[in-house]
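What follows is the residue order along each chain.
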Amino acid sequence: METRSKKQENLLEKFLIKNCNKKRKFKETKQYGFHTFGEPGYPSDFTGTFRQNIRKFIKKSGEEEGVDIEGWPTWCTLLVNEKMKDDDGGRVMVPLYTIEERVKHSKKPFCDQCRSSGWGHHFVSKRRYHLIIPVQDEWHKFPNISLFDQTHLLHGLIHCNGFGHLLSINGFEGGSKFMSGQEIMDLWDRLCTALKVRKISVEDVSKKGSTDLRLLYGVADGRTWFGRWGYKFCRGSFNVTKNSYDTAIRMLSWLKLDKIIEDSGNKDLLRFMLFACKALSGDSKPHSVVKPISEIT
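Residues numbered from 1 in each chain as written. Predicted model: local features only at pLDDT ≥ 70, side-chain atom pairs only at ≥ 80, totals over all residues. Heavy atoms only, no water.

Visitor: Describe helix H4 (residues 181–194), listing the residues and the values that go with them.
Guide: End to end, H4 covers 20 Å across 14 residues, agreeing with the expected 20 Å (1.5 Å per residue, within 8%). Looking only at H4, the buried set comprises Gly 181, Glu 183, Ile 184, Met 185, Leu 187, Trp 188, Arg 190, Leu 191, Cys 192 and Ala 194. One or two residues past the end of H4 sits Lys 196, with phi positive at roughly 65°. (Helix = DSSP H or I, 4+ residues; strand = E, 2+ residues; numbered from the N terminus. Expected span 1.5 Å × (residues − 1). Buried < 20%, exposed > 50% of the residue type's maximum accessible area, 1.4 Å probe, protein only.)

Visitor: Before we move on, could you go through the nonpolar core and cite the residues and values that matter?
Guide: If you look at the biggest cluster of nonpolar residues, it comprises 42 residues, and the most contacted ones within it are Phe 57, Ile 133, Met 179, Met 185 and Trp 188. Only helix H2 (50–61), strand E3 (74–85), strand E4 (91–102), strand E5 (127–133), strand E6 (154–159), strand E7 (163–169), H4 and helix H5 (213–221) provide two or more residues apiece to this core. With 7 residues, the top contributor of residues to this core is H4. The two domains that each donate at least three residues to this core are domain 1 (4–202) and domain 2 (210–229 + 237–288). Apart from residues no more than four positions distant in its own chain, Trp 188 is found in contact with Leu 154, Gly 156, Leu 157, Ile 158, His 165, Leu 166, Ile 200 and Tyr 231. Core analysis: the next-biggest nonpolar cluster, separate from the first, contains 11 residues, Trp 72, Cys 76, Tyr 97 and Ile 99 among them. (Core = buried A, V, L, I, M, F, W, Y, C linked by side-chain atoms within 4.5 Å. Domains from an automatic or database assignment. Contact = heavy atoms within 4.5 Å.)

Visitor: Could you give me a rundown of unusual backbone geometry, with the residues and numbers involved?
Guide: Tyr 42 connects to Pro 43 through a cis peptide bond whose omega is 15°. With respect to the helices and strands, Pro 43 occurs in the loop between strand E1 (31–33) and H2. Backbone geometry at Glu 70 places phi at a positive 55°, although glycine is not the residue there. With a relative accessible area of 47%, Glu 70 lands in the partly exposed category.

Visitor: Describe the pairing of E4, and please don't skip the residues or the numbers.
Guide: For E4, a buried count of 10 out of 12 residues is recorded, marking the element as mostly surrounded by other parts of the structure. The antiparallel hairpin formed by E3 and E4 contains 5 residues in its connecting segment, where Gly 89 sits at a positive phi of about 85°. (Pairing = 2+ DSSP bridges.)

Visitor: Help me get a handle on the pattern of salt bridges, residues and values and all.
Guide: For the coordinates displayed, the defined rule picks out 5 salt bridges. Arg 102 is the salt-bridge partner of Glu 100, the closest N and O atoms lying 3.0 Å from each other. Of the residues examined, Glu 100 reaches a relative accessible area of 5% and is grouped as buried. Judged by relative accessible area, Arg 102 falls into the partly exposed class, the value being 36%. (Salt bridge = Lys/Arg side-chain N within 4 Å of Asp/Glu carboxyl O.)

Visitor: Requested: an account of the packing of H5 against helix H6 (residues 242–254), with residues and values cited.
Guide: Contact pair H5 / H6: the axes reach a minimum separation of 9 Å and the direction vectors enclose 65°. Between H5 and H6 lies a crossing of right-handed hand. Contact with H5, carried on its side by Arg 214, Leu 215, Gly 218 and Val 219, involves Tyr 245, Ile 249, Leu 252 and Ser 253 of H6 and no other residues of that element. A breakdown of the residues in the contact of H5 with H6 according to their chemical character gives 5 nonpolar, 2 polar and 1 charged. (Axes fitted to C-alpha atoms, helices over the stretch in contact; angles between N-to-C directions. Left-handed = near helix turned anticlockwise from the far one by under 90°. Nonpolar A, V, L, I, M, F, W, Y, C, P; charged D, E, K, R; others polar.)

Visitor: Hey, could you go over H2 for me, with residue numbers and the actual values?
Guide: Relative to the 16 Å expected for 12 residues at 1.5 Å per residue, H2 spans 16 Å between its end C-alpha atoms, a close match to the ideal helical length. All of the buried residues along H2 are Phe 50, Asn 53, Ile 54, Phe 57, Ile 58 and Ser 61. Taken down its axis, H2 places every buried residue within 140° of arc, on the same side. Among the exposed residues of H2, those pointing more than 90 degrees away from its buried face are Gln 52 and Lys 59. (Arc of directions from axis to C-beta.)

Given below as structure tokens:
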């Protein structure tokens, strides 16, 4: 039996590390516009169920990677952000990875997100697909990422039955350099619509300071930030019902800003509420309890 010497093993290890970390050269084929990808007919028309559409999506727009992510087959779709330039003045190339995880051989065959969303009664799907845009540091390397890294700019998980979960989204404040959270959400929403996804859950844990953003947006616009894309209350923690949640939002909306300023002294959150109200409601006037920013000094 042949055995490797310690020196040979060290050389092999160094070669593998160097090979995995070298810069990749993106092919000049199959590049799509970031802000239009997923629109009807682009990259294709999808008329089947999700399990049929995702395979067509991979075949049509994905380039199979030579290196799998955590042992699962991986495809890469290159998206060009037409509105931004990189540090060298070139086009920003955004890799969107699609990973096919086979549940039978997975370390986590059962889905915690389905249980939390009230979908625990669903049969376990044979396959689930991860759609990931990693942080910028990983864009020009062969993929060496973890499936459940919370730093991904986008991570959506969709079971082959069409039910899925938005696990993470990070815009400028979350580490993104070239794309806002809204732009990433627009892309995710277009993909879900095109691929005929049935339902998507998301756990809204984003904060502004120590305050939940869903409360601030709820007071300013009557819906959460995710509500702009049709997301609605599903299940609350600690048995909070939709009725009690809506009641709490209405009670917060009735509070006078003068009283809040006096009690909390936190003007930054109030400025954010006013900005959110203006941005989300367009030209419509804010609620009568909201004063112009110039009066909050």
